Amino acid sequence: MSVQLQQLRYFVTAAEHRHFTRAAELLGVSQPTLSKQIHTLESTLGAPLFDRSRGTVVLTTAGETLLPLARRVVADADTARDAVQEVVGLRRGRVRLGATPSLCTSLVPVVLRDFHARHPEIELHVDEGGSQDLVAGLVAHALDLALIVQPARGTDPALEAVPLLRESLVVASVAPLPSHLSLAELRDTPLVMFRTGYDLRDATLEACRRAGFTPTYAVEGGEMDAVLAFVEAGLGVALVPSMALVNRPLLRATPLADPDVHRTIALARRRGSVLPHAAQAMRETLLSHVARGPLPVGVQAL
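All values derive from a computational prediction rather than experimental measurement.

Q: Tell me about the pattern of salt bridges, residues and numbers included.
A: Inspection of every chain in the model, using the stated rule, returns 13 salt bridges. Across the pair Arg 113 and Asp 114 runs a salt bridge whose closest N-O atoms are separated by 3.4 Å. A residue is classified by how much of its surface remains accessible, and Asp 114, at 14% relative accessible area, is buried. Close ionic contact of Glu 167 with Arg 263 constitutes a salt bridge, the shortest N to O distance being 3.0 Å. Here the residue Glu 167 occupies a position in strand S6 (residues 159-173), and Arg 263 occupies one in strand S11 (residues 262-270), the gap between them amounting to 96 residues. Accessibility assignment for this pair places Glu 167 and Arg 263 in one class, buried. Each of the salt bridges in this network shares a partner with another, and the network as a whole consists of Arg 113, Asp 114 and Arg 292.

What follows is the structure, given as structure tokens:
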């Protein structure tokens, strides 16, 4: 037989109050139940813990030895219970969220604001990067959740992804462009192109291929902030998500007439994993925000 936490708790309470009936009242059990549990503990340990011969509750030498150890075990158990309840109750915890740069400047700040207002004690860690890097972070257990661009070929089988948003790609420029523009009309317009391996580079090249041309580059190699800055400098135009132009007053967004020039944003997690309570609350906040809106122009919930 093994010593049980409940038995130690009964023993500590009886020892501190030196009265079995009073201890039973404090513990919310009957006095015979408390006496039985302490007797079982004594049998398990092989020594009497109380001297009852004189009608009083007096600790034996074995009881005196056990008391500080039992207090420590009970206190540690209470601390563990409280810590878990704080996590479950979202009074403590951490969320590690990954998102692409355009989402970090549009959707994510609003979601984090709502989440923080409800759960101010939760630590928030945001990893900004391309979808390939975010997928690697999920697989490596460095992230709990990630907002990624869902590739046409499908998501990594190690992940499960819920499509959230369908986002139109627009032409970012400094100078005004025709209001009705097809991608083919950019055939002779130099593009500011993203670096190799960046999601939007592949999306842009695929869209241009479907439109029947290979683009020329004014400059290439940047990520979102750099590409938008190059466009602001007048070096060329870029094909970007509509949300990327939030808080970019120098740039104009021209929609494309091509109906299939878009990207799908998905909320990804490791397949089969159990999300921490804080991460599950973040997931629910994201889904709720997308469902109730409002969403930026050119973005629709799926």
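Still to come is the rest of the account.
Q: I'd like a rundown of unusual backbone geometry, residues and numbers included.
A: One non-glycine residue with positive phi stands out, namely Arg 18, at about 50°. Summarising the element assignment, Arg 18 is placed in the loop between helix H1 (5-17) and helix H2 (20-27). Unlike most non-glycine residues, His 141 shows phi in positive territory, near 65°. Locating His 141 in the fold gives a position in the loop between helix H7 (131-139) and strand S5 (145-149).

Q: Any details on the pairing of strand S7 (residues 191-194)? Residues and values, ideally.
A: Neither face of S7 is open: one carries Leu 191 and Met 193, the other Val 192 and Phe 194, and all of them are buried. With four bridges connecting them, S7 and strand S8 (residues 217-222) associate as parallel partners. Note that in S8 the partner of Val 192 across the bridge is Val 219. Remark: the S7/helix H8 (residues 199-210)/S8 crossover connection has right-handed handedness.

Q: Run through the environment of Thr 100, naming residues and quoting values.
A: With respect to the secondary-structure elements, Thr 100 resides in the loop between strand S3 (94-99) and helix H5 (101-104). By relative accessible area, which is 2% here, Thr 100 ends up buried. For the pair Thr 100 and Ile 265, spaced 165 residues apart in sequence, the C-alpha to C-alpha distance is 9.6 Å. Apart from the residues within four sequence positions on either side, Thr 100 is in contact with Glu 128, Gly 129, Ser 131, Leu 134, Leu 147, Val 149, Asp 199 and Arg 263.

Q: How would you summarise the packing of helix H6 (residues 107-118) against helix H10 (residues 277-292) if you had to cite specific residues and measurements?
A: Interhelical geometry of H6 versus H10 gives an angle of 125° and a closest axis separation of 10 Å. Regarding the angle of H6 to H10, the classification is oblique. Crossing of H6 against H10: the hand is right-handed. Contacts between H6 and H10 pair Leu 107, Val 110, Val 111, Leu 112, Asp 114, Phe 115 and Arg 118 from the former with Ala 278, Ala 281, Met 282, Thr 285, Leu 286, His 289 and Arg 292 from the latter. A class-by-class count of the residues in the contact of H6 with H10 yields nine nonpolar, two polar and three charged.

Q: So what about the packing of aromatic side chains? Which residues, and what values?
A: Scanning the entire structure with this criterion turns up three aromatic pairs. Summarising the aromatic geometry, the rings of Phe 194 and Tyr 198 are spaced 5.0 Å apart at their centres and angled 10° between planes, so their arrangement reads as stacked. The pair formed by Phe 194 and Tyr 198 is uniform in burial state, with each residue classed as buried. Three or more aromatic residues link up through ring pairs in this structure, and these residues are Phe 11, Phe 20 and Phe 50.

The rules behind the values
- Note on numbering: residues in each chain are counted from 1, in written sequence order.
- Per-residue local features are limited, in this predicted model, to residues with pLDDT of at least 70; the limit for side-chain atom pairs, both in listing and counting, is 80 or more; totals at the level of whole chains, interfaces and linings are taken over all residues.
- Water and hydrogen atoms were dropped before computing side-chain values, which therefore reflect all heavy atoms in the structure.
- Salt bridge, as used here, is a side-chain nitrogen of Lys or Arg placed within 4 Å of a carboxyl oxygen of Asp or Glu.
- When accessible area is computed with a 1.4 Å probe and restricted to protein chains, residues below 20% of their type maximum are described as buried, those above 50% as exposed, and intermediate ones as partly exposed.
- For helices the rule is a DSSP run of H or I covering at least 4 residues; for strands it is a run of E covering at least 2, with both sets numbered from the N terminus onward.
- When DSSP locates at least two bridges between a pair of strands, those strands are taken to pair.
- A clockwise course of the path from the first strand over the helix to the second, judged with the strands pointing away from the viewer, identifies a crossover as right-handed.
- What makes two residues a contact is simply this: any of their non-hydrogen atoms within 4.5 Å.
- Every axis corresponds to a line fitted to the C-alpha atoms, with the helix fit spanning only the stretch in contact, and the corresponding angles, defined between N-to-C directions, vary from 0 to 180 degrees.
- When describing relative orientation, an angle under 35 degrees is termed roughly parallel and one over 145 degrees roughly antiparallel, while 65 to 115 degrees is termed roughly perpendicular and anything else oblique.
- Throughout, a crossing is termed right-handed when the near helix is turned clockwise from the far one, and left-handed when it is turned anticlockwise from it by less than a right angle.
- Polar here means any residue other than Ala, Val, Leu, Ile, Met, Phe, Trp, Tyr, Cys and Pro, which are nonpolar, and Asp, Glu, Lys and Arg, which are charged; Gly is therefore polar.
- Centres within 6.5 Å are what make two rings of Phe, Tyr or Trp a pair, Trp counting through its six-membered ring; a difference in plane orientation under 30 degrees is then read as stacked, over 60 as edge-to-face, and the rest as tilted.

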